[in-house]
Amino acid sequence: MSMNYHTVVIGGGCLGCACAFSIQKRLGKKAGQVAIVEKKVLGAGLSSRHSAIVRSANASPMAARMAKQATAYWKKLKPLWGIDMPFEQSGAIWIAANQGRQSSQKWSALENAMAAEDIDFRMLSHLEVEKLCGKAIKIVPEENYYYEPEVLQLDSSQILNAIQSAARRNKIDVIEHCEVVDFSCDSRHNIEAIKTNQGEIRCQNIVNATGAWSAELFAGMDIEIPVALEPVYAANFLLSTQDIPVTLPIIADFVNRAYFRRWRGSILHMHQPRSRSPKDIASSFSRALMNPEGANVIYDASSFNVNYQQLEDYLLKVQQRFPNIGRPVYAGGYRSFFDITPDLKFILGPDHRSTNLYHCLGAGQSLKYAPIFGEIIARLITGTGKVKEDIDITEFSIERFSKKPISDFWQGTEQDAQAL
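Just so you know, these numbers come straight off a predicted model, no measurement behind them.

Definitions and limits used
- Residues numbered from 1 in each chain as written.
- Predicted model: local features only at pLDDT ≥ 70, side-chain atom pairs only at ≥ 80, totals over all residues.
- Heavy atoms only, no water.
- Phe/Tyr/Trp six-rings, centres within 6.5 Å; stacked < 30°, edge-to-face > 60°.
- Helix = DSSP H or I, 4+ residues; strand = E, 2+ residues; numbered from the N terminus.
- Buried < 20%, exposed > 50% of the residue type's maximum accessible area, 1.4 Å probe, protein only.
- Expected span 1.5 Å × (residues − 1).
- Arc of directions from axis to C-beta.
- Salt bridge = Lys/Arg side-chain N within 4 Å of Asp/Glu carboxyl O.
- Pairing = 2+ DSSP bridges.
- Axes fitted to C-alpha atoms, helices over the stretch in contact; angles between N-to-C directions.
- Contact = heavy atoms within 4.5 Å.
- Parallel < 35°, antiparallel > 145°, perpendicular 65-115°, else oblique.
- Left-handed = near helix turned anticlockwise from the far one by under 90°.

Let us now look at the packing of aromatic side chains. All told, the structure shown has 17 aromatic pairs when counted by the stated rule. With centroids separated by 5.3 Å and ring planes inclined at 20 degrees, the aromatic side chains of Trp107 and Tyr146 adopt a geometry described as stacked. One end of the pair, Trp107, is in helix α4 (residues 101–116); the other, Tyr146, is in strand β6 (residues 143–148), with 39 residues separating them in the sequence. The exposure class assigned to Trp107 is buried, which follows from its relative accessible area of 9%. Given a relative accessible area of 1%, Tyr146 falls into the buried group. When the centroid spacing of 4.9 Å and the interplanar angle of 50 degrees are considered together, the rings of Phe346 and Phe396 count as tilted.

This part takes up helix α8 (residues 278–290). For α8, built from 13 residues, the straight-helix expectation of 18 Å at 1.5 Å per residue is met to within 8% by its first-to-last C-alpha distance of 19 Å. Taken together, the buried positions of α8 are occupied by Pro278, Ile281, Ser284 and Phe285. The buried residues of α8 all sit within an arc of 125 degrees when viewed along its axis, so they share a single face. Away from its buried face, by an angle of more than 90 degrees, α8 presents the exposed residues Lys279 and Met290.

A word on the pattern of salt bridges. For the coordinates displayed, the defined rule picks out 14 salt bridges. Here Lys68 makes a salt bridge to Asp118, at a shortest N to O gap of 3.4 Å. Within this pair, whereas Lys68 is found in helix α2 (residues 61–75), its partner Asp118 is found in the loop between α4 and β5 (122–124), the two being separated by 50 residues in sequence. Asp118 sits in the exposed class, given a relative accessible area of 59%. One salt bridge connects Asp351 with Arg353, and the closest N-O pair in it is separated by 2.7 Å. Ionic contacts of the salt-bridge type, sharing partners, join the residues Glu143, Asp253 and Arg321 into one network.

This next bit is on the sheet that holds strand β15 (residues 267–271). Taken in spatial order, the 8 strands of this open sheet run β5-β6-β4-β13-β14-β15-β12-β16, and their pairing is mixed. Edge positions in the open sheet fall to β5 and β16 (329–340), since each of these has one partner strand only. Mean inter-strand twist for the sheet, computed between neighbouring axes without regard to direction, equals 25 degrees. Along the sheet face, α8 touches β12 (228–238) and β16 and points at about 110 degrees away from the line of β12. Running at roughly 60 degrees to β12, helix α9 (residues 308–321) makes contact with β4 (92–97), β6, β12, β13 (250–253), β14 (258–263), β15 and β16 of the sheet.

What follows deals with the packing of helix α1 (residues 14–27) against helix α10 (residues 366–382). As a packed pair, α1 and α10 sit with axes 7 Å apart at the nearest point and diverge in direction by 40 degrees. The orientation of α1 with respect to α10, classified from their angle, is oblique. Crossing of α1 over α10 shows right-handed handedness. In this structure, α1 contributes Cys14, Leu15, Ala18, Cys19, Ser22, Ile23, Arg26 and Leu27 to the contact, and α10 contributes Ser366, Leu367, Ala370, Pro371, Phe373, Gly374, Glu375, Ile377, Ala378, Arg379, Ile381 and Thr382.

With that settled, consider the pairing of β6. Most of β6 sits inside the fold, with 6 of its 6 residues counted as buried. Residues Glu143, Tyr145 and Tyr147 point to one face of β6 and Asn144, Tyr146 and Glu148 to the other, with burial holding for every one of them. Pairing geometry for β4 and β6, over 6 bridges, is antiparallel. The residue of β6 that forms the bridge with Ala96 is Asn144. Summarising the sheet, β5 and β6 pair through 3 bridges and their orientation is antiparallel. Note that in β6 the partner of Met123 across the bridge is Tyr146.

In structure tokens:
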């Protein structure tokens, strides 16, 4: 195997793979130009436990614009990755507490901003919600409901199979069970080689797609990457087909802080959204500093279960939103994580200290953006092809964190509670 590449992507999750596929496609059909270095196996990290919901609404118009393009890519993935991806266009209903004029103004502003981006995101009457949900969910007069019909539902197991198949089809060198231990740099701070437990790998360009491992991985180069892990709990409940209609949209319930979706026929799957509380974000970063395992906690066996209190909390949330199903039958759960940044925005684009290093970090939203992020990074590295001329990734640059303390960033997150 060649150990000298045009580009090495570190991290074999959905973002790393998307970058590798798009870069290889732009470089041409010659094999051995792009490699993915993965410390376990492709998709073994958070990509294997992703909710696989693809939606566009976001308080950042630029993030929403990219998400809309990503949705279009997911629908027609074969021209991009060489493989098809099954999906359901289930749509999503967003439920917001009507907490007075200020709250309503925020959601109305989001609706108007999405209209400006030509994203279908609109307020529904209670009667319209009842028709969409078949009277399965509890509708409260004091709540507001919004509908995003273009939301897709993928399947995480199919995604893992797809990225492994696409790696072979695109002639990517996949180096698994390969841990990066250090870097060799030139006098200009550019990376010349990656030192791994399988030997040295030389390359012209590096893509960092390691998510929560980023901070530890690049600390030796004095490159600070502010990423921490926020735990998220997921649980599955068995349903009767009479309990909830097969056509139920995804329910993004921000009153009870839970996503609900009909999954694999007879399962109601639920998980938490990210917290936007400055206290919670600060707590996540504090835990990251004190966690001796670092991001390897993702692989801890204890992550594959939900304790009794978490289960009881989730059962209560299900009963509050789906009053007709009684006490549902628990069918398994697990703990996953969001890899968050201080402002909950992506880190995307070139590093300002090392000119051949590029970051592709999804900040807890990686899967839905994978195709568009891959195209953006590929264009930056190869200088070829177009994404969309109206996409500007300036606000997601890692350089933003070098200009002020990170605590200044999370203080503003509560102001954008709808940027989920």
